[in-house]
Amino acid sequence: MKVKKPRAWRAWRKIKGVSAPELIQAVKAQLAAGHFMVGAENCVPHPSTWLNDGRWGDEIKAKASGGSLDDWAKGGDAS
């Protein structure tokens, strides 16, 4: 679903001093670390929010251990 696309585009155009590849790398690193998983602690921010808040500079937390959703669905122990 595409929502608030014009707002995201305006936020994108306001960014100075950070290249598109740097932003893409930040998104990839945050995805790999589980920052965008929907749950009690994490959420998926709208692109405009992510850009306006300078979230590409967020510290990358280590991915939480405990297995994956697939492990849980299979009834297996994640450890």
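Since this is a predicted model, take the numbers as computed values, not measurements.

**What to know about the overall build of the protein**
The number of helices and strands found in the protein is four helices and zero strands. Tracing the protein from N to C terminus, the helices and strands come up as α-α-α-α. In the protein, once contacts between residues fewer than 6 apart in sequence are set aside, the share between residues at least 24 apart is 57%. Total accessible area on the protein is roughly 6,400 Å²; 57% of this is exposed by carbon and sulfur atoms.

**What to know about the side chain of Ser48**
Structurally, the position occupied by Ser48 is in helix α3 (residues 47-52). With residues near it in sequence (within four places) discarded, Ser48 still touches Arg7, Ala8 and Ala11.

**Section: the pattern of salt bridges**
The tally for this structure, following the rule as stated, stands at one salt bridge. A salt bridge links Asp58 to Arg55; its shortest N-O distance comes to 2.6 Å. Using a relative accessible area of 27% as the deciding quantity, one classes Asp58 as partly exposed. Arg55 gets classed as partly exposed once you look at its relative accessible area, which sits at 26%.

**Focus: the environment of Gly34**
Topologically, Gly34 is positioned in the loop between α2 (20-32) and α3. Sequence separation between Gly34 and Ile60 is 26 residues; the distance between their C-alpha atoms is 9.3 Å.

**Section: the nonpolar core**
In terms of nonpolar packing, the biggest core is built from seven residues, these being Ala11, Ile15, Leu23, Ala26, Phe36, Trp50 and Leu51. Looking at this core, the elements that each hand over two or more residues are α2 and α3. Discounting residues that sit within four places of it in the chain, Ile15 has contacts with Leu23, Leu51 and Trp56.

**Some details on the layout of surface pockets**
Quantified by volume, the second largest pocket comes out at close to 220 Å³. Along its surface, the second largest pocket is lined by Trp12, Leu23, Ile24, Val27, Phe36, Val44, Pro45, Pro47, Trp50 and Leu51. Counting only elements with at least two residues in the lining of the second largest pocket, the list comes to α2 and α3. Tallied by class, residues from the lining of the second largest pocket come to 10 nonpolar, no polar and no charged.

**Considerations on the environment of Glu22**
Here Glu22 shows up in helix α2. Spatially, the C-alpha atoms of Glu22 and Gly57 are 10.0 Å apart, while their sequence positions differ by 35 residues.

Rules used in this analysis
- Residues numbered from 1 in each chain as written.
- Predicted model: local features only at pLDDT ≥ 70, side-chain atom pairs only at ≥ 80, totals over all residues.
- Heavy atoms only, no water.
- Helix = DSSP H or I, 4+ residues; strand = E, 2+ residues; numbered from the N terminus.
- Contact = heavy atoms within 4.5 Å.
- Areas by Shrake-Rupley, 256 points an atom, 1.4 Å probe, with all protein chains shown as cover.
- Salt bridge = Lys/Arg side-chain N within 4 Å of Asp/Glu carboxyl O.
- Buried < 20%, exposed > 50% of the residue type's maximum accessible area, 1.4 Å probe, protein only.
- Core = buried A, V, L, I, M, F, W, Y, C linked by side-chain atoms within 4.5 Å.
- 1 Å grid on protein atoms, 1.4 Å probe; cavity = no way out; pocket = protein on both sides within 12 Å on 5 of 7 lines; lining within 4 Å.
- Points joined across faces, edges and corners; volume = space filled by probe spheres on them.
- Nonpolar A, V, L, I, M, F, W, Y, C, P; charged D, E, K, R; others polar.

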